[in-house]
Amino acid sequence: MVEIPESLADSLRRAGHVMVLTGAGCSAESGVPTFREAQTGLWAQYEPEKLATPGAFQQDPQLVWEWYVWRRALVAQASPNPGHYALAALAALVPKLTLATQNVDGLHQAAGSREVLELHGSISRILCFDCGAPDDGWRDDQGKAPLCAVCGGRLRPDVVWFGENLPRNVLVAAGAAAADCDLFLSVGTSAVVQPAASLPVAAKESGAVVVEINPNPTPLTSLVDYHLEGPSGELLPALVAAMRQGDQG
Ligand code: BJW
Ligand code: ZN
């Protein structure tokens, strides 16, 4: 049984606006590997910084495409875990909840979360690397990177690579929520990739209570009000249960 500090449950009950930022750790218990931990397959051979860049795609589009075909198959088999469901439930328990995710797997939406701010895009969409035209869906073409119907350029996943800007409207909405929220939850992220990593810092500077859920310490840990050490699939349901318990009695 996980212990949630009563002072934290109380802060959650009193919060008018809760913001949540999730990272790959939130989907780890759904079988989607994280980026910066020991991995199998292509993940073990290449660091994300080496594959998730426009330069890597230009240099070896086939390798990068195969990485995404493989990951897309993993994600297609995955289901939301209790952490995703707890966040969907939390939205109904607080006056306002903003959920921003760095994940591209769509598992929050599958769990019932609405209006998710996808900071790094979605692996389920593809568009043209050259002209930006959206394409109507994945055609794995036996693993060969398919070409754009408009200009003949190479199609790529609609995700944000290193050196690329995040979708402007999504980033603006996330920044505004971080400045406005009363309580910020950073869940399952190593808190090293910018600008997402700045969101909890901005929330703290604006006076929010900042909570981190992660089995491991991160560069954010020294700044937070609460570090809940453990897997989000256990700790998020426990947090929501602790909040509800106080409501009932
Ligand atoms: C569990 C768990 C369980 C395990 N429960 N937890 C300022 C300073 C320095 C550099 C920069 C800067 N501003 C911008 C940059 C450059 C760069 C950057 O941040 N570099 C740093 C790495 C140094 N950022 C960018 O380029 C961004 N663009 C940008 O800022 O444009 C403007 C600009 C450009 C250049 C210069 C200046 C300005 C774009 C970043 C795009 C990141 N893209 C990726 C790939 C997305 C597509 C895809 O999925 O393929 O996003 S990389 C990868 O990292 C992915 C993730 O979303 C992201 C974050 O990773 P995350 O989610 O934190 O995962 P992990 O694996 O790192 O951590 C998992 C955590 O879970 C761990 O802590 C575990 O302990 C934990 N965990 N099991 C809970 N059960
Ligand atoms: Zn094109």
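A quick note: this is a predicted structure, and the numbers were derived from the prediction, not measured. (Residues numbered from 1 in each chain as written. Chains lettered and ligands numbered in written order. Predicted model: local features only at pLDDT ≥ 70, side-chain atom pairs only at ≥ 80, totals over all residues. Heavy atoms only, no water.)

## Considering the packing of aromatic side chains
Between two aromatic rings, the relevant description is the distance of the centres plus the angle of the planes.
Turning to step 1, where the next piece is worked out: Throughout the structure, instances matching the rule amount to four aromatic pairs.
Turning to step 2, where the next piece is worked out: Ring centres of F57 and W161 lie 5.4 Å apart, and the angle between their planes is 40°; this geometry places the pair in the tilted category. A residue pair is termed long-range when its members are at least 10 positions apart, and F57 in helix α5 (residues 54–59) and W161 in the loop between β6 (155–159) and α9 (168–180) qualify at 104 residues. An identical accessibility class is assigned to F57 and W161; each is buried.
Turning to step 3, where the next piece is worked out: Ring-pair connections join several aromatic residues into one group, and the members of that group are F57, W67, Y68, F129 and W161.
Turning to step 4, where the next piece is worked out: The aromatic ring of W161 is capped on one face by R156, whose charged end is 3.8 Å from the ring centroid. (Phe/Tyr/Trp six-rings, centres within 6.5 Å; stacked < 30°, edge-to-face > 60°. Helix = DSSP H or I, 4+ residues; strand = E, 2+ residues; numbered from the N terminus. Buried < 20%, exposed > 50% of the residue type's maximum accessible area, 1.4 Å probe, protein only. Lys NZ or Arg CZ within 6 Å of the ring centre and 35° of its normal.)

## Focus on the nonpolar core
One broad trend across soluble globular proteins is that nonpolar side chains are buried collectively.
Turning to step 1, where the next piece is worked out: Within the largest apolar cluster, 28 residues are counted, with the highest numbers of intra-cluster contacts made by I4, L8, L90, L183, L185 and I213.
Turning to step 2, where the next piece is worked out: Listing elements by their share of this core, those giving two or more residues are α1 (6–14), β1 (17–22), α7 (82–91), β7 (183–187), β8 (209–213), β9 (226–228) and α11 (232–248).
Turning to step 3, where the next piece is worked out: The element that contributes the greatest number of residues to this core is α11, accounting for seven residues.
Turning to step 4, where the next piece is worked out: If sequence neighbours within four positions are ignored, I213 has contacts with L185, S186, V187, G188, L228, G230, S232, L235, L236 and L239. (Core = buried A, V, L, I, M, F, W, Y, C linked by side-chain atoms within 4.5 Å. Contact = heavy atoms within 4.5 Å.)

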